[in-house]
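An overview of the molecular structure
One letter stands for each residue in the lines below.
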Amino acid sequence: MARITAQNLIKRYGAFQAVHGINFDIADGEFVAILGPSGCGKSSTMRMIAGLESISDGAILFDGRPVNDLRARDRNVAMSFENYALYAPITVYENIAFPLRSAGMDAASIDRAVRSVAEKMELGQLLSLKPGALSSGQAQRVGLARALVRKPAVFLLDEPISHLDTRQRYRMRRFIKSIHQEFGHTMIYVTHDQEEALALADRVMVMSDGLIQQLAAPDEVYTRPANAFVAGFVGEPPINFLDFTDADDRGLTIEGNRVALTEKLCGLVRQIGPRGIAAIRPHFLRLGGGSPVQLRGQGFITEELQDHNEIFVDVGRTRIALVTPPGQKVHRGEDVTVSVDPDHLLLFPAGNKVREHSDDI
Amino acid sequence: MYALIDVHKRYGLRTVALRKLNLEIRHREFFVLYGPAGAGKSTILNLIAGLTKPTSGDISRDGVSIAHLPPERRGAAMAFENYALYSHLSVAENLAFPLRAAGLDRSEIESRVKRIASVLGIPHVLDRRPGFLSGGQRQRVALGRAIIRPADIYLLDEPIGHLDAKLRHRMRAELKALAVEMNATVVFTTTSSKEALALGDRVGILNSGRLEQVGTPAELYNSPANTFVASFVGDPPMSFLSVTARRSSDGVKLYNGDGQAIASAPFDVLGRTALKAGLRSNAIQLVDAQTSGALKGSVQVVEHLGHSNIAVIAAGGDSIQVSLPADRRLKPGEPVGMIIDPRQIHLFADERALVGEHV
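Residues numbered from 1 in each chain as written. Chains lettered and ligands numbered in written order. Predicted model: local features only at pLDDT ≥ 70, side-chain atom pairs only at ≥ 80, totals over all residues. Heavy atoms only, no water.

1. Details of the domain arrangement of chain A
Residue and element names in this part refer to chain A.
- Per the domain assignment, the segments making up chain A are domain 1 (4-229) and domain 2 (240-349).
- Here domain 1 and domain 2 have C-alpha centroids that lie 39 Å from each other.
- Contact residues are listed per partner, giving six residues for domain 1 and six residues for domain 2.
- In total, about 540 Å² of surface goes out of reach between domain 1 and domain 2, with carbon and sulfur atoms giving 66% of it. (Domains from an automatic or database assignment. Contact = heavy atoms within 4.5 Å. Buried area = accessible area lost by both parts, 1.4 Å probe.)

2. Focus on the packing of helix H2 (residues 92-102) of chain A against helix H3 (residues 107-120) of chain A
All names here are of chain A.
- Between H2 and H3, whose axes approach to 10 Å, the crossing angle comes to 130°. Accordingly, the angle class assigned to the pair H2 and H3 is oblique. In this structure, the crossing between H2 and H3 has a hand that is right-handed. Taken together, the residues of H3 that come into contact with H2 (itself represented by Tyr93, Ile96, Ala97, Leu100 and Arg101) are Ile110, Asp111, Ala113, Val114, Arg115 and Val117.
- Grouping the constituent residues of the contact of H2 with H3 by class yields eight nonpolar, no polar and three charged. (Axes fitted to C-alpha atoms, helices over the stretch in contact; angles between N-to-C directions. Helix = DSSP H or I, 4+ residues; strand = E, 2+ residues; numbered from the N terminus. Parallel < 35°, antiparallel > 145°, perpendicular 65-115°, else oblique. Left-handed = near helix turned anticlockwise from the far one by under 90°. Nonpolar A, V, L, I, M, F, W, Y, C, P; charged D, E, K, R; others polar.)

3. Looking at the confidence of the model for chain B
- Scored by pLDDT, chain B has a mean of 92; 98% of the residues are at 70 or more.
- Looking over chain B, one finds the lowest element-wise mean pLDDT in helix H4 (residues 135-147) of chain B, namely 86, and the highest in strand E3 (residues 30-34) of chain B, namely 98. (pLDDT = per-residue confidence, 0-100.)

4. Notes on the pattern of salt bridges
- Throughout the structure, instances matching the rule amount to 35 salt bridges over all chains.
- Its salt-bridge partner being Glu195 of chain A, residue Arg169 of chain A comes within 3.1 Å of it at the nearest N-O pair. In this pair, Arg169 of chain A sits in helix H5 (residues 166-183) while Glu195 of chain A sits in helix H6 (residues 194-200), placing the two residues 26 residues apart along the sequence. As far as the burial class goes, Arg169 of chain A and Glu195 of chain A line up, both buried.
- Here Glu29 of chain B ties to Arg202 of chain B by a salt bridge, and the two come within 2.8 Å at their closest N and O atoms. Of this pair, Glu29 of chain B sits in the loop between strand E2 (15-25) and E3 while Arg202 of chain B sits in strand E9 (residues 202-207), and the two are 173 residues apart along the sequence. The same class applies to Glu29 of chain B as to Arg202 of chain B, namely buried. (Salt bridge = Lys/Arg side-chain N within 4 Å of Asp/Glu carboxyl O. Buried < 20%, exposed > 50% of the residue type's maximum accessible area, 1.4 Å probe, protein only.)

5. Remarks on the layout of surface pockets
- Approximately 1500 Å³ is the volume found for the largest pocket.
- Forming the boundary of the largest pocket are 43 residues, of which Tyr170, Arg171, Met172, Arg174 and Phe175 of chain A lie nearest the centre.
- Looking at the lining of the largest pocket, the elements with two or more residues in it are H3, helix H4 (136-148) and H5 of chain A together with helix H8 (227-232), strand E11 (239-248), strand E16 (295-304), strand E17 (308-315) and strand E18 (318-325) of chain B.
- A total of 11 residues in the lining of the largest pocket trace back to one element, the largest contributor, which is H5 of chain A.
- Split into classes, the residues belonging to the lining of the largest pocket amount to 14 nonpolar, 17 polar and 12 charged. (1 Å grid on protein atoms, 1.4 Å probe; cavity = no way out; pocket = protein on both sides within 12 Å on 5 of 7 lines; lining within 4 Å. Points joined across faces, edges and corners; volume = space filled by probe spheres on them.)

6. Overview of the domain arrangement of chain B
Residues and elements named next belong to chain B.
- In terms of domain boundaries, chain B breaks down into domain 1 (2-232) and domain 2 (239-353).
- Inter-centroid distance (C-alpha atoms) of domain 1 to domain 2 is 39 Å.
- With nine residues of domain 1 in contact, the opposing surface of domain 2 contributes nine residues.
- With both sides pooled, the region where domain 1 packs onto domain 2 buries about 780 Å², and carbon together with sulfur makes up 52% of that total.
- The interface formed by domain 1 and domain 2 contains zero salt bridges.
- Elements with a contribution of two residues or more to the side of domain 1 that touches domain 2: helix H7 (217-222) and H8.
- Residues belonging to the side of domain 1 that touches domain 2 are distributed by class as follows: five nonpolar, four polar and no charged.

7. Quick notes on the side chain of Glu174 of chain B
- Along the chain, Glu174 of chain B turns up in helix H5 (residues 165-182).
- Once residues lying within four places of it in the same chain are set aside, the contact partners of Glu174 of chain B are Phe300 and Arg319 of chain A together with Val119 of chain B.

8. Considering the interface of chain B and chain A
- Across the contact, 54 residues belong to chain B and 41 residues belong to chain A.
- On the chain B side of the contact with chain A, Lys166, His169 and Glu303 of chain B bury the most area, a combined 16% of that side's loss.
- At the boundary of chain B and chain A, one finds nine salt bridges.
- The closest approach of N and O atoms between Arg169 of chain A and Asp235 of chain B, which form a salt bridge, is 3.7 Å.
- At the boundary of chain B with chain A, the tally comes to 18 residue pairs in polar contact (both at pLDDT 80 or more).
- Every element with two or more residues in the side of chain B that touches chain A is listed here: H4, H5, helix H6 (193-199), H7, H8, E16 and E17 of chain B.
- By residue number, the principal contributor to the side of chain B that touches chain A is H5 of chain B, which donates 11 residues.
- In terms of residue class, the side of chain B that touches chain A is made up of 22 nonpolar, 20 polar and 12 charged. (Polar contact = N/O pair within 3.5 Å; in protein donor to acceptor, adjacent residues only side chain to side chain.)

9. Details of empty space enclosed by the protein
- Applying the stated rule across the entire model yields six cavities of 30 Å³ or more.
- Empty space within the largest cavity amounts to approximately 160 Å³.
- Lining the largest cavity are 16 residues, with Asn240, Arg319 and Ala321 of chain A together with Lys166 and Arg170 of chain B sitting closest to its centre.
- Within the residue set of the lining of the largest cavity, elements represented by two or more residues are strand E11 (240-245) and strand E18 (318-324) of chain A together with H5 of chain B.
- In the lining of the largest cavity, the residues fall into eight nonpolar, three polar and five charged.
- Empty space within the second largest cavity amounts to approximately 70 Å³.
- Lining the second largest cavity, in full, are Phe30, Ile147, Tyr154, Leu156, Leu175, Leu178, Ala179, Met182, Ala184 and Val186 of chain B.

10. Overview of the sheet that holds E11 of chain B
All names here are of chain B.
- An order of E13-E12-E11-E14-E20-E21 is seen for the six strands of this open sheet, with the pairing classed as antiparallel. In this open sheet, the two strands that pair with only one neighbour each are strand E13 (261-264) and strand E21 (352-353).
- Note that strand E12 (residues 251-255) and E13 share three bridges and pair antiparallel. Directly across from Leu254, in E13, lies its bridge partner Ala263. (Pairing = 2+ DSSP bridges.)

Printed below as a string of structure tokens:
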């Protein structure tokens, strides 16, 4: 296990710079998710930690020691994505024991290590089988067991699970989380799926354009996003963005609606200026009046998800989404008032990078 | 109305894709086929479109067999997850292609292309060729090309599966609104519970080539026919507890693997074996471990979802998911109590739902 530090880490591919001098410090045993759209630099960062890519500038340190010049296999890093090719002619037991035998460990220690990891991964019953007899889920667990048995310094996962169906996604998440709780490795998980990142990680590193936009606990990136990019990338359903204008000490205008501001937001408006972006999560909006911050609009569509509804309302030129209790509805074209929870109204400068239509995937 | 009647579909000698499947797609409904990968969703679309033939059984439209008709005479428009666009044509020309083929006049074509491009959020790329588009944009153009022309039925195979979360959420609403506006009959496949519930007038739950249940989202959510449907509909998925029913001084109760009472039986199930109690994550109230009458367990995992948390609680050999407010802090290993509302318990015997009068 190890503490992983990046110092002014840079990755260049020819003239193109993919990672622009980032710094982070991942504690021993911590679970960090690197989250961002494709092309944000998250995979380059992970590959530099693994030793699969050279470091163009700056340094990566394991427990304070630079590893820039260490080859991948000398860094003692386990990676999920290299693990699925099991050796077909030998048993599950021998597959798991393989890295220990090649390291020259004695038979008794190997046996202890294999049985311990197999028990934690619920593979005890399968040890005498050959890979051909395993389901794909079992084969995956054997692959992971083989990676974990040699007690790696850090475990890197690049496991796209967002394409799985809802049930499998939950199962896979629980499985990854349980590996972390059982083994206590430093874990780094690379994903473009915000739900996975929030659900799994102790801290989430949100990246975009080769820079770390925010590195913080899940509830922190959700409730206090560092900028509009983070606000837009984190949260399900996605946050609503609305342009605001004519901001002054008392209030601002959103799509023709004049709204009063709290003391705290007035201070923010003084920094941002008269125009910018207002952001509000669908969970912090409700149908009807009663808030100092109200928006008038026309109903578009109601989705009944049974345990809650998601309602779309057109406010001026902007379509916003609300999460409501079951039973609430709007009809298309109907005039509605939407109340905003003023404590959860976020304001960002205009031009702060927002990708309304991020076309990356 | 399109119907599959006793359709059996095998690929090669071994692989059975569909088993004696009966399905009716009603006129002007938005029908969602929901199931895991490999369940047979795409096979059903291909059979309706005429891209593949049933091994046995019939396919009909308004009561007349169409099984022998070639694809172009089935009235179906199809969008694939794996899109194929004309690389030498612009996006606008790709979208206009089916309309030109149908002989529409120039101004009509232009206005339809504009309308579809705006629904799909791609008006700014109309002049580009497919090679200059992102994967998400290409997928939307392919979808646009399928839905731009009039058809008796639109077959959409995970058409928004490749899009990022924000776009997917937005397109979901747009697609539904457009279908309503066009009075279209749509079959839409997905692996997402949220998409199935949000879009479907009716949803068919497909599992290994069989329809487990067909119903409205409310029917599937409130009255799942079996544990497969129950675990598949709803996000987060339902949790199951293995229970036995026994008489206590206080009426019939359900006991878990530890012998702890989880709740009163919602109806008489004495004598039933292989019982499972299904619970949605919002049907459980978390209380102090010492609370009398509470089911005791310990926290396994806590997941943050931003607006709420999900805790997985181990109790009596079962893992139970509980939804929590985002500010409720729990640590792995912490003992907790759970109060379960008997009216919100779904009971299953041998994986099939038991129906009884709730007391």
